[in-house]
Amino acid sequence: MGPGERWAWMTLFGVWLIRVGKLSASSGPAVPAIYVFGDSTADVGTNNYLRRCGSKANFPHHGIDFPDSKPTGRFSNGYNSVDFLAQYLGFKESPPPFLYFLRDDRNNFMRNVLNGANFASAGSGLLELTGKRPYKRVISFGEQVRQFDAVRKAYSKVLGSPAAEDRLSKSLFLISVGSNDIFEYFLYNQTRSQEEDFVINLLSSFENHIRDLLKLGAKRLGVVGLGPIGCCPILRIRSGNEDECFEAVNAIAKRYTLGLETLLQKLSSEGVQSMKYTLAKSYDMTLALIRDPVTFSFKDTKSACCGNGGKLNAEQPCKPDSKLCEDRSVMLFWDQFHPTEAAYKLAAMALYGGGAQHVSPMNIGQLAELQF
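Treat the numbers as computed from the prediction; the structure is a model and nothing was measured. Throughout, a residue's number is its position along its own chain's written sequence, starting from 1. Restriction of local features to residues with pLDDT of at least 70 applies here, the model being predicted, together with a cutoff of 80 or more for giving and counting side-chain atom pairs; totals for whole chains, interfaces and linings are based on all residues. Hydrogens and water are ignored here; the side-chain numbers use all heavy atoms of the structure.

Caption draft 1: A look at the pairing of strand E3 (residues 172-176). Working definition: with a 1.4 Å probe on protein chains only, accessible area under 20% of the residue-type maximum means buried, over 50% means exposed, and in between means partly exposed. Numbering of helices and strands starts at the N terminus; helices are DSSP runs of H or I of at least 4 residues and strands are runs of E of at least 2. Along E3, 5 of the 5 residues are buried, which leaves the element largely enclosed by surrounding structure. Taking every second residue as pointing to the same face, both faces of E3 are buried, with Leu-172, Leu-174 and Ser-176 on one and Phe-173 and Ile-175 on the other. Strands were regarded as paired on the criterion that DSSP finds at least two bridges between them. As judged from the 5 bridges shared by strand E1 (residues 34-38) and E3, these two strands associate in the parallel manner. Note on E3: the bridge partner recorded for Phe-37 is Ile-175. Here E3 runs beside strand E4 (residues 220-224); their pairing, made up of 4 bridges, is parallel. If you follow Leu-172 over to E4, its bridge partner there is Arg-220.

As structure tokens, then:
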């Protein structure tokens, strides 16, 4: 058995063991609630509610493998990693967008947000300006945290302060953000000067937003590190050699993720705001798949499944008249930027039940059960 096979087997076996153990111990979810923050990798329909937003996935072929082939606003042919993680944690489905509660379920807002909400907005980033130029209206990570303040207030009104604090301390906060900041750095900063300052600025923004979340009661953070985003189809094309990844983009993603690991270690060691976390090693996991796709039952790790033909089927976004691959289960990429449901699922399994090569310092299953 090769390294890739062991990687896949240990991930699947780890998830199975934890899930069986959880089901035998309790029929309820492992955590009281899940709160999700980030960008299109975690969005489950937030941008559907933004009238002026130019980054939406509420049309075919998105959702072709979702129940009833419904385009929900997920940038995927089906589920994303948040959906799978929610299932592994014992929830029937992942939490709806916060804006759904606010606009379509307002009468039940106070009660229903206690079980979780998704604030993630496609196109958004760590920086307030990210997404505004190409898409006009997105909800930045900072604004998402400010939205969560409304949830915190609902907790206090419904449960009272001590019970609210206890429930939030046991809830899971999932965060997947940062890719768009780097995409736009390369799109709008043609000189690409002061890369080190740019990465420092991203990490500083992340720290400020996380500290705000901690003040609002977050204690358990599941953070998705950036993958080799220079390997997505559109950036392969823009690198000038579609057979190779855009390594300048990857270098920044890797530098940021290394800084993120150091930052999370620092935050978790501070006694004033005790916090525990999981950091997914997305960069290494994705590169392993790209270098050895057959082991993971993938056939194509370069092309987009949904596109307009041309280079890597990725010169244009996924649209209703796009050319669609027949077997999504063997494709790494759904469109120009995003993974397929199959890839999202593999990532979720690694994040939930993976070992030290997948996550640090613990996986989501362990984080959910941790007593502190």
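Caption draft 2: A look at the pattern of salt bridges. We count a salt bridge whenever a side-chain nitrogen from Lys or Arg sits within 4 Å of a carboxyl oxygen from Asp or Glu. All told, the structure shown has 11 salt bridges when counted by the stated rule. Measuring nitrogen to oxygen at the nearest pair gives 3.3 Å for the salt bridge that ties Lys-170 to Asp-166. Taken as a pair, Lys-170 and Asp-166 lie in helix H7 (residues 161-170) at a separation of 4 residues, close to a single helical turn. Classification of Lys-170 as partly exposed rests on a relative accessible area of 37%. A residue is classified by how much of its surface remains accessible, and Asp-166, at 39% relative accessible area, is partly exposed. In this structure, Lys-302 engages Asp-243 in a salt bridge whose closest nitrogen and oxygen atoms are separated by 3.6 Å. Of this pair, Lys-302 sits in strand E6 (residues 300-304) while Asp-243 sits in the loop between helix H10 (233-238) and helix H11 (247-269), and the two are 59 residues apart along the sequence. Residue Asp-243 is classed as partly exposed on the basis of its relative accessible area of 47%. Linked through salt bridges whose partners overlap, the residues forming this network are Glu-207, Arg-211, Lys-266 and Glu-270.

Caption draft 3: Quick peek at the side chain of Asn-118. Counting through the fold element by element, Asn-118 comes out in strand E2 (residues 116-118). Take Asn-118: its relative accessible area is 0%, and that puts it in the buried class. At 2.9 Å, the side chain of Asn-118 and the backbone oxygen of Ala-42 are in polar contact. Apart from residues lying up to four places away in sequence, Asn-118 is in contact with Val-36, Ala-42, Asp-43, Val-44, Thr-46, Val-82, Pro-95, Pro-96, Pro-97 and Phe-98. Counted as a polar contact is a pair of N or O atoms within 3.5 Å, where, for protein atoms, one must be capable of donating a hydrogen and the other of accepting one, and residues adjacent in sequence contribute only when both atoms are in side chains. What makes two residues a contact is simply this: any of their non-hydrogen atoms within 4.5 Å.

Caption draft 4: Focus on the state of the cysteines. Cysteine sulfur atoms are paired as a disulfide whenever they come within 2.5 Å of each other. By the definition in use, this model includes 3 disulfides. Each sulfur of the disulfide joining Cys-231 and Cys-245 lies 2.0 Å from the other. When the S-S torsion is 105 degrees, as for the bridge of Cys-231 with Cys-245, the disulfide is right-handed. Here Cys-231 is found in the loop between E4 and H10, whereas its partner Cys-245 is found in the loop between H10 and H11, with 14 residues between them in sequence. With relative accessibility at 0%, the residue Cys-231 sits in the buried group. At a sulfur-sulfur separation of 2.0 Å, the disulfide partner of Cys-305 is Cys-325. One quick way to see it: the torsion about the S-S bond of Cys-305 and Cys-325 is about -90 degrees, and its sign makes the bridge left-handed. Of this pair, Cys-305 sits in the loop between E6 and strand E7 (306-307) while Cys-325 sits in the loop between strand E8 (323-324) and strand E9 (331-333), and the two are 20 residues apart along the sequence. The residues Cys-305 and Cys-325 share a single accessibility class, namely buried. Looking at Cys-53, it has no disulfide partner, and the nearest cysteine sulfur is the one in Cys-318, 16 Å off.

Caption draft 5: Here's a closer look at the packing of helix H2 (residues 81-88) against helix H13 (residues 341-353). Lines are fitted to the C-alpha atoms to define the axes, a helix being fitted only along its stretch in contact, and any angle between axes, read from their N-to-C directions, falls within 0 to 180 degrees. Taken N-terminus to C-terminus, the directions of H2 and H13 make an angle of 45 degrees; their axes are 8 Å apart at the nearest point. Compared by their axis directions, H2 and H13 come out oblique. At the point where H2 passes H13, the crossing takes the right-handed sense. Taken together, the residues of H13 that come into contact with H2 (itself represented by Ser-81, Phe-84, Leu-85 and Tyr-88) are Glu-341, Tyr-344, Lys-345, Ala-347, Ala-348, Met-349, Leu-351 and Tyr-352. Nonpolar residues are Ala, Val, Leu, Ile, Met, Phe, Trp, Tyr, Cys and Pro. Charged residues are Asp, Glu, Lys and Arg, and all others, Gly as well, are polar. Broken down by class, the residue content of the contact of H2 with H13 amounts to 9 nonpolar, 1 polar and 2 charged. Any angle from 65 to 115 degrees is called roughly perpendicular, while one under 35 is roughly parallel, one over 145 is roughly antiparallel, and all others are oblique. By the definition used in this description, the sense in which the near helix is turned from the far one sets the handedness, with an anticlockwise turn below a right angle giving left-handed and a clockwise turn giving right-handed.

The quantities given are spatial measurements derived from coordinates; they are silent on function.
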